[in-house]
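Observations on chain architecture
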Amino acid sequence: MLTLDKETFKKAYENKYKNLHGEEIEEGNNQQKYEALGSLIRDYVIRIWMNTNKKYNISGEKQVYYFSMEFLLGRLLGDVLMNLGIMQVCKEALLDFNIDLRELEELEQDQGLGNGGLGRLAACFLDSMASLNIAGHGCGIRYKYGFFEQKIINGKQVEVSDNWLREGNVWERRKPDKSEIVKFGGEVKVQELNGNLTFTHVNFEPVLAVPYDTPIVGYENDVANTLRLWSAETVSNEFDYSSFSRGEFLKAIEYKNSVEAISQVLYPEDSFYEGKILRLKQQYFFVSAGMQSIIRHFRKHGGNILLLDEKIAVHINDTHPTLAIPELMRILLDEEGISWDEAWRITTNTISYTNHTILAEALEKWPIEMFKQLLPRIYMIVEEINKRYCEELWSKYIDQWDKISRMAILADGQIRMANLAVVGSHSVNGVAKLHTDILKKEEMRDLYYLYPNKFNNKTNGITHRRWLIKSNTGLSNLLMETIGESFIKHPTDLIYFEKHAHEKGVQEELNRVKKINKEKLADRIYKKNGIVIDPASIFDVQVKRIHAYKRQTLNCLRIMDLYNHLRENPNLEIEPRTFIFAGKAAPGYYLAKNIIELINCIADTVNNDPSVNDKIKVVFMNNYKVSLAEEIIPATDVSEQISTTTKEASGTSNMKFMMNGAVTIATLDGANIEIRDEVGNDNIVIFGMTAREVLNYLQNGGYCSIDICNENKRVNRVVNDLINGTYHKDRDRFKSIYENLITYNDEFFVLKDFESYVKAQNKIDNMYKNIHKWQEICGINIAHSGVFSSDRTIQQYATGIWGSELIYKNL
Ligand code: 26Q
């Protein structure tokens, strides 16, 4: 841990500022002050970083590499200061220069290199690995443009590119000397040499992969691991100017652009797969560069390649990095000259895989023809893996052709990445108990029976350091005053708060802290949206990607229903509520974009109707991202987790809300079930279909949404409100939502769950009337949230999958 006093810090900052900008601090603007601070903090971190790397090289402990297409880090400054233990010193020192640390923090661009849950999970995992002294590093892509910025214009989502590197990035270090070459296209020459076949890749297009490293600082433990993100460049950066006269200059530029395109932009789709060649290039690009650099480093420090699996673990975050399997095989076979069987043993023992979704439309399948052309040698290896695997299947399942073809890696002209990931790894895990059960019993049933021991559950988690201690200082101070500080290093110690949750005084304190957070958010909403909201109203929040299965539509229909009621009974006694939404729709997902429009139109209508105005308000906050989540979640009273049961693999915002003392209204989906199990039925509000019911309908049919619409007057009315001009004079405006519910039979059972959702919401309304009881429930939720720290999750990965040594230094 860094020991720094204020005066030393002030001197160091002043020096840094002058060296960087060549002027006095008072003369500069906040951006310059932020840059100087970032740069100074980075200097402190670099010492720790170097020592950590030295230590790893000497100790030879097992290194874990977390391969992910996405790392959604958000801002780093605040977290780094907290983890170094110098937040307070820094704040006070800056104050002496009349600088508000908060203001500088807000100047940092979010590192938004991810879509949502999967990318943020990777970021929470990095934080937990570093904080638990696990030698675990990230490997991914340094996208020049992250997840798009969302603007709302006339109620509609408009996408703007996220130029997050515009002002530079103080945290990263370019490491050109650690570059790797990744080979695309060309052919494979097969030759026989002394009875052995050799494979030589020729006529390929080389792409230079240049790493940018970011330190991942552990919590007060002198550890800094590495997040290595790869950027694509042409092998030679020099232009051949003589080519200009030969008319080839433009071609050279085109070539440069096509290479750089690989790490240009993050694909903004989640839960939907499209076989784009650029996406495949991205996947192989970072996986190949990452794997080559791991082996190179391992070799350089004298590692015995035959023992690779004892010293290295590679985890793949969903199927996106599955090519790590054939890539490792390629290196072992072609570059290390190891036999197939031995290479296969090493590869499968090294690699483990997490599945994050059961939506069929999200499964990655690459067309063989495209794949073969782009990655000829990798294709040969996949073919051989498939051949050997199918031989095993044939001998086991004689004559069961249907089953074998379902299980094959190559079939129908496609490569099925999930099957390859299961076959080529030693561990396959789901991200919540229900999700893992569904994987075993339904989606991957055949593979589960073939490899029962590979399958296991690792329920997701979130880092309580960012999501509680840093983003909700009011609450974490209250917790420290009440139960001490042990929960910082042992988050399950939050359970000691349970008995205090019954104390009136503590309930009042909880209420006070929440109120301050709500006032801050109300302020923000006024500044951003121009909408005045009442901090005394219930803040009812649904923030996440916009998707049919997450059912923002259900929330909308129930607000529309409430609005009808209020207009008809102006004296209806309800607790005033503010409904807050945020989230991005994939740019090509028409229905999701239509849902955003609906939310904004409901907001316009409701917020401008004085007859209901003191009772309900609706707000859509644009451009949802990590830093915005950090403002919204601590101010939330009601957490909406209302996905169609079976569809949300886990959810992680549900855990963040719980930890910040919100009451959850939820279906029994994903990790909601485990939250319910932790807090008990009295401290969460559950509604909706069970997993069995949903699976029954999906397998046997029998659901008819029109029947519900005909039988239930309230449903009928709100569904018609979508197309009768209530929310927009253009009656076709919400046609896609209407058709989804009625013409296409409501794939996600919105209407089926409507009635029970309304009841659950009424229950919330009643609960809130007794604010002491309400805060008691919030307190119980906080007390039980410790198991959802990603520290627990990471310990389970480390012992159950990676076999990393756990050293609880400082714990
Ligand atoms: C795939 C192919 C082509 C383009 C994009 C993609 C792609 C990108 C991102 C597919 C999926 C994703 C992201 C998925 C995701 O975030 N899933 C969520 O993962 C969380 C962490 O496990 C879970 O909590 C959520 O339930 C799950 O929806």
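Up top is the structure these notes are about.
The following refers to the structure shown. (Residues numbered from 1 in each chain as written. Predicted model: local features only at pLDDT ≥ 70, side-chain atom pairs only at ≥ 80, totals over all residues. Heavy atoms only, no water.)

Describing the environment of Leu278
- If you trace the backbone, Leu278 turns up in helix α9 (residues 277-300).
- Sequence separation between Leu278 and Ile262 is 16 residues, and the spatial gap between their C-alpha atoms is 6.6 Å. (Helix = DSSP H or I, 4+ residues; strand = E, 2+ residues; numbered from the N terminus.)

Side note on the side chain of Lys593
- Along the chain, Lys593 turns up in helix α25 (residues 590-607).
- Only 3.0 Å separates the side chain of Lys593 from the backbone oxygen of Pro587, close enough to count as a polar contact.
- Excluding residues within four positions of it along the chain, Lys593 makes contact with Gln157, Glu159, Ala585, Ala586 and Pro587. (Polar contact = N/O pair within 3.5 Å; in protein donor to acceptor, adjacent residues only side chain to side chain. Contact = heavy atoms within 4.5 Å.)

Considerations on the packing of helix α24 (residues 552-568) against helix α33 (residues 750-769)
- Interaxial distance between α24 and α33 falls to 10 Å at its minimum, and their mutual angle equals 60°. Taken as axis vectors, α24 and α33 run oblique relative to one another. The element α24 and its partner α33 pack so that their crossing is right-handed. Where α24 approaches α33, its residues Leu554, Asn555, Leu557, Arg558 and Asp561 are matched on the opposing element by Val750, Leu751, Asp753, Phe754, Tyr757, Val758, Gln761 and Asn762.
- Split by residue class, the contact of α24 with α33 holds 7 nonpolar, 3 polar and 3 charged. (Axes fitted to C-alpha atoms, helices over the stretch in contact; angles between N-to-C directions. Parallel < 35°, antiparallel > 145°, perpendicular 65-115°, else oblique. Left-handed = near helix turned anticlockwise from the far one by under 90°. Nonpolar A, V, L, I, M, F, W, Y, C, P; charged D, E, K, R; others polar.)

A look at the side chain of Asn225
- Looking at the secondary structure, you find Asn225 in strand β12 (residues 224-233).
- Overall, the relative accessible area of 0% leaves Asn225 in the buried class.
- Of note is the side chain of Asn225, whose polar atom sits 2.6 Å from the side chain of Tyr56.
- Apart from the residues within four sequence positions on either side, Asn225 is in contact with Trp49, Thr52, Tyr56, Met129, Ala130, Ile134, Ala135, Gly136, His137, Thr214, Pro215 and Ile216. (Buried < 20%, exposed > 50% of the residue type's maximum accessible area, 1.4 Å probe, protein only.)

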